[in-house]
2 protein chains.
Amino acid sequence: MEIIRTPRIMRDTSKGHILRGKNIGFVPTMGSLHEGHLSLVRRARQENDIAVVSIFVNPVQFGPSEDFNRYPRDVEGDTEKLVKEDIDILFMPDITAMYTEDFSTYVEVEKISEKLCGVFRPGHFKGVTTVVAKLFNIVTPTRAYFGQKDYQQCVVIKKLVKDLDMDIYIVVCPTIREKDGLAMSSRNAYLDSTQRAASTVIYRCLTEASEMIKSGIIDFGHIKKVMHERISKEPVVSGIDYVGIYDPSTLDELSGIKDEVLPAAAIWIGNTRLIDNMLVKT
Amino acid sequence: MEIIRTPRIMRDTSKGHILRGKNIGFVPTMGSLHEGHLSLVRRARQENDIAVVSIFVNPVQFGPSEDFNRYPRDVEGDTEKLVKEDIDILFMPDITAMYTEDFSTYVEVEKISEKLCGVFRPGHFKGVTTVVAKLFNIVTPTRAYFGQKDYQQCVVIKKLVKDLDMDIYIVVCPTIREKDGLAMSSRNAYLDSTQRAASTVIYRCLTEASEMIKSGIIDFGHIKKVMHERISKEPVVSGIDYVGIYDPSTLDELSGIKDEVLPAAAIWIGNTRLIDNMLVKT
């Protein structure tokens, strides 16, 4: 596995592969890799000639009061995992290589990024789309892989690619869960054992909602109330950003049935923000 | 010359050329081509295997009270000129192909785009950088050519390319002028004969400023006053957006000398806004 730290070298390396007729699969990550990431990595490995993974904790997508500094980092462990997965290139740029002192260009997907998490994390998706646009221009992938756990991020990035005419196919991969149902996330590492045990509430709540929908209940107001109550009753929950049933395309809250619906939630356990969602065909 | 109207076909055509090892020179225009455009076109033709010119009057870069509707259009004349210049591809997309109904992604170069023209045309450069990012992703040029007449646009686009890690070389070409000095612009067509005769005031004013600077005068406040007076005295001038001597890198107004300085002005003659600038080595 080649480790590249400079955008220019990464770009030239990708260019060389493309000119030799190779396609490139790309998994952009913030590191601290878990089985969720690795499922994307394996798919990128299978479906492409060249597999590239980036590790870059992007300061621009964290709010001033958010967890940029304490975000988990494990370069050594990550590198080992990627070598085992037979990845060709690990791209690991420095912050100063990605953002020069006078950096001032931003890419923003308006509207859809202002909903759900966008309400509670202003500027977050602007940071995501800016760094993803940069990474896409540097790595020039044929396909890029994202996890469904960050459902809104997937929708926003698909819109970015479509609106800016980027020649990249976005592959959304299923959420990988712990045995007890908790969606894998680097932020799970913040939870102490009591919090960790109770954190499955978000999975249980979404599963219950999914089952109610599948059973034919169409009173989404009622289902939302049940979801909200289940989460509120859990003592370790310190806050609810949102919980409900949403339109998978527009991310608007649904009042009535559609072919496919998205129960989703964002909650706080102590100082840790957790999100999860499920796509339900009705 | 091949005429392409669909972003997808343009992108696939460019991809084919790149995979065959060809480089691509690109001149994005809003049509109504004059000798200024043609100087860029010729350079693109000379320096690249494949020369692509786009004609697209981009609605997003016009303010609500600006001249989008009356902006001059001459597809037939333009096509004829480009055939004569031996251009390979004319890319001429429809508005609906560039902006779908739910389009919502914008690229913005902050700070530098808020100065000079940015003060008077809010949103203008956001529209420019968005369409240029799209066109760059569609055409994937090796080199793209812009005229120095739109000096701020050149600076903004260079910043866009640098900040978003686009693999494109931006070539800035000298301003082409009418015999009497007026910088060529599609908007010159708006001027009636009285206005046209008097419109050289902007050239005369910039030339005078340049000569004062070259002669060693370093009191830029004084030079600015002279420039302002010269323009104000011209009866057809209906307004001055800005006039002065600026830093070619930061576009800030200069109070003292630098290696290279930029006398520049934006004025109104009737309902026509004209801009011009000169780079002066001191």
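Residues numbered from 1 in each chain as written. Chains lettered and ligands numbered in written order. Predicted model: local features only at pLDDT ≥ 70, side-chain atom pairs only at ≥ 80, totals over all residues.

S.K.: I keep staring at the confidence of the model for chain A and nothing clicks. Help me out?
M.R.: It should be kept in mind that the predicted coordinates are not to be read in detail where pLDDT is low. Residues of chain A with pLDDT of at least 70 account for 100%, and the chain-wide mean is 97. Here the predicted complex scores 0.97 on pTM and 0.97 on ipTM. (pLDDT = per-residue confidence, 0-100.)

S.K.: In this structure, what is going on with the interface of chain B and chain A? I would like to understand it.
M.R.: It is common to give the size of an interface as the accessible area lost on bringing the parts into contact. Across the contact, 25 residues belong to chain B and 25 residues belong to chain A. Only α1 (7-19), β5 (105-109), α6 (124-139) and α7 (151-163) of chain B provide two or more residues apiece to the side of chain B that touches chain A. Of the residues forming the side of chain B that touches chain A, the biggest block, five residues, is contributed by β5(B). Of the residues assigned to the side of chain B that touches chain A, the class counts are 12 nonpolar, four polar and nine charged. Direction of pairing for strand β5 (residues 105-109) of chain A relative to β5(B): antiparallel, over a ladder of five bridges. Across the sheet, residue A:Glu108 finds its bridge partner in β5(B), namely B:Tyr106. (Contact = placed C-beta atoms within 7 Å. Helix = DSSP H or I, 4+ residues; strand = E, 2+ residues; numbered from the N terminus. Nonpolar A, V, L, I, M, F, W, Y, C, P; charged D, E, K, R; others polar. Pairing = 2+ DSSP bridges.)

S.K.: Could you clarify how one ought to interpret the domain arrangement of chain A in this entry?
M.R.: Residues and elements named next belong to chain A. Per the domain assignment, the segments making up chain A are domain 1 (2-173) and domain 2 (186-277). Placing the centre of domain 1 and that of domain 2 at their C-alpha centroids yields a distance of 26 Å. On the domain 2 side, the residues contacting the 13 residues of domain 1 number 11 residues. Elements with a contribution of two residues or more to the side of domain 1 that touches domain 2: α5 (117-120) and α7 (151-163). It is α7 that provides the largest number of residues to the side of domain 1 that touches domain 2, a total of three residues. Partitioned by chemical class, the residues of the side of domain 1 that touches domain 2 number eight nonpolar, three polar and two charged. (Domains from an automatic or database assignment.)

S.K.: Explain the relation of the copies chain B and chain A here, please?
M.R.: Mapping one chain copy onto the other needs a rotation about an axis and a shift along that axis. For the pair chain B and chain A, the superposition axis carries a translation of 0.0 Å, the fit reaches an RMSD of 0.0 Å, and the rotation angle comes to 180°. Both copies of the chain, as the preceding transformation shows, are related through a two-fold rotation axis. Considering only C-alpha atoms, the part of chain B nearest the rotation axis is B:Val107, at 2.2 Å. Both copies share a contact surface, since 100% of the interface residues of chain B are interface residues in chain A too. (Least-squares fit on C-alpha atoms with pLDDT ≥ 70 in both.)

S.K.: Help me out: how do you make sense of the packing of helix α9 (residues 201-214) of chain B against helix α10 (residues 220-232) of chain B in this one?
M.R.: How two helices pack is summed up by the angle between their axes together with the distance between the axes. Residue and element names in this part refer to chain B. Two elements in contact, α9 and α10, have axes whose closest approach is 9 Å; the angle formed by their N-to-C orientations is 160°. Regarding the angle of α9 to α10, the classification is roughly antiparallel. In the packing of α9 onto α10, the handedness of the crossing is right-handed. Note on element contacts: α10 touches α9 through Ile223, Val226, Met227, Arg230 and Ile231, opposite Val201, Arg204, Cys205, Glu208, Ala209, Met212 and Ile213. Grouping the amino acids of the contact of α9 with α10 by side-chain chemistry returns nine nonpolar, no polar and three charged. (Axes fitted to C-alpha atoms, helices over the stretch in contact; angles between N-to-C directions. Parallel < 35°, antiparallel > 145°, perpendicular 65-115°, else oblique. Left-handed = near helix turned anticlockwise from the far one by under 90°.)

S.K.: I keep staring at the packing of helix α6 (residues 124-139) of chain A against α7(A) and nothing clicks. Help me out?
M.R.: Residue and element names in this part refer to chain A. Between α6 and α7, the least distance of the axes is 11 Å, while the angle of their chain directions is 50°. By the criterion of interaxial angle, the relationship of α6 to α7 is oblique. The handedness of the crossing between α6 and α7 comes out as right-handed. Residues Phe125, Val128, Thr129, Val132 and Ala133 of α6 lie in contact with α7, whose contacting residues are Gln153, Val156, Ile157 and Leu160. Looking at the contact of α6 with α7, its residues break down into seven nonpolar, two polar and no charged.

S.K.: Help me understand the sheet that holds strand β7 (residues 169-173) of chain A, please; the structure alone is not making it clear to me.
M.R.: In any sheet, the strands associate via hydrogen bonds between backbone groups, in a parallel or an antiparallel arrangement. Residues and elements named next belong to chain A. What the six strands build is an open sheet, ordered β1-β4-β3-β2-β6-β7; its pairing is parallel. What marks the edges here is a single partner per strand, and that holds for β1 (2-4) and β7. For this sheet, the mean inter-axis angle between neighbouring strands, taken without regard to orientation, is 25°. Where β1 and strand β4 (residues 89-91) come together, three bridges link them in parallel fashion. By the bridge assignment, Ile4 is partnered in β4 with Phe91. Here α6 sits on the sheet and contacts β2 (24-29), β3 (50-55), β4 and β6 (143-147); the angle it forms with β2, its principal contact strand, is near 150°.

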